[in-house]
Amino acid sequence: MVRRPVAFVTAIVLFVEAVGIVLVNGVLATVADNQSMSLAGMDPDAMVTGTWVMGGVSGALLVLCGLIPLLAGIRDRAPGRLGRIALIACAVVHGVLGALAVGLIGWAAFAFLMVVLALIVLTLVAYDRREPETVAGGPGGEEAPAAV
C-alpha cells in the first residue's frame, strides 16, 4: 500500500520546509539588522528579534507537524484526533500561503506549497479511519457489520 511511503515523504518535506523557513527568517533578520530597518518607527532590534522568533516558532510547528506523519508511517496507523487536527490546520495554512504566494512570490512557490498541501491531504485520506469489521453469518448468509 502507498500510505506508508506517502507519510514518510510528507514528514521529510515538512522537515525540509522547517529548515527552509528558519533559514529564510535568519536571512531576513540579518538584513534587517545590517540595514537598521524599522517599520513605522519600531525599534530595529525589535524587528530583528521578532523575525528570529517567528522563524523559530514556524520551524518548530512544522517539525511537530512533520512528526505526526512520521509516527503514522512508522506505526502504520492513523494519527489520533489531535494529530489529525494539527495536520488539517497545517493544510489550511499551506492553502492560504499558496494563495498569497502566487501574487507575492510567484508560481514556483505556489506549486511547492500546493505539493505540500497535497501530501498532507493524501496522508490524511490514506490513513482514514477503519471501517467496522464484518462478521460472517448475517441474514441470508451475508456478511453483517460487527457490533462495536
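So, here is what we can say about the structure in this document. (Residues numbered from 1 in each chain as written. Predicted model: local features only at pLDDT ≥ 70, side-chain atom pairs only at ≥ 80, totals over all residues. Heavy atoms only, no water.)

**Section: helix α4 (residues 107-126)**
Over its 20 residues, α4 extends 28 Å from the first C-alpha to the last, a length consistent with the 28 Å expected when each residue adds 1.5 Å. Along α4, the residues that are buried comprise Leu113, Val116, Leu117, Leu119, Ile120, Thr123 and Leu124. Taken around the axis of α4, the buried residues stretch over an arc of 155°, which confines them to a single face. Facing away from the buried surface of α4 by more than 90 degrees, the exposed residues are Trp107, Ala108 and Val125. (Helix = DSSP H or I, 4+ residues; strand = E, 2+ residues; numbered from the N terminus. Expected span 1.5 Å × (residues − 1). Buried < 20%, exposed > 50% of the residue type's maximum accessible area, 1.4 Å probe, protein only. Arc of directions from axis to C-beta.)

**Description of the layout of surface pockets**
Unfilled space is identified by rolling a water-sized probe across the atoms. Estimated volume of the largest pocket: approximately 840 Å³. Glu17, Ile21, Ser58, Leu62 and Leu97 are, among the 26 residues lining the largest pocket, the residues nearest its centre. Elements with a contribution of two residues or more to the lining of the largest pocket: α1 (3-35), α2 (44-75), α3 (81-104) and α4. In terms of residue count, α3 provides more of the lining of the largest pocket than any other element does, nine residues in total. Taken together, the residues of the lining of the largest pocket sort by class into 21 nonpolar, four polar and one charged. (1 Å grid on protein atoms, 1.4 Å probe; cavity = no way out; pocket = protein on both sides within 12 Å on 5 of 7 lines; lining within 4 Å. Points joined across faces, edges and corners; volume = space filled by probe spheres on them. Nonpolar A, V, L, I, M, F, W, Y, C, P; charged D, E, K, R; others polar.)

**Some words on unusual backbone geometry**
The backbone of aspartate 76 shows a phi angle near 55°, a positive value even though the residue is not glycine. Assignment of secondary structure puts aspartate 76 in the loop between α2 and α3. With a relative accessible area of 29%, aspartate 76 lands in the partly exposed category.

**Some details on the nonpolar core**
In this structure, Leu14, Ala18, Leu62, Cys65, Ile68, Leu87, Cys90, Ala91, Val116, Leu117, Ile120 and Leu124 together form the largest nonpolar core, which totals twelve residues. When contributions to this core are tallied by element, the ones reaching two or more residues are α1, α2, α3 and α4. Here this core takes four residues from α4, the largest share from any one element. Ignoring any residue separated from it by four or fewer positions in sequence, one finds leucine 87 in contact with Cys65, Ile68, Pro69, Pro79, Ile120 and Leu124. (Core = buried A, V, L, I, M, F, W, Y, C linked by side-chain atoms within 4.5 Å. Contact = heavy atoms within 4.5 Å.)

So far we have only geometry, and geometry alone does not tell us how the molecule works.
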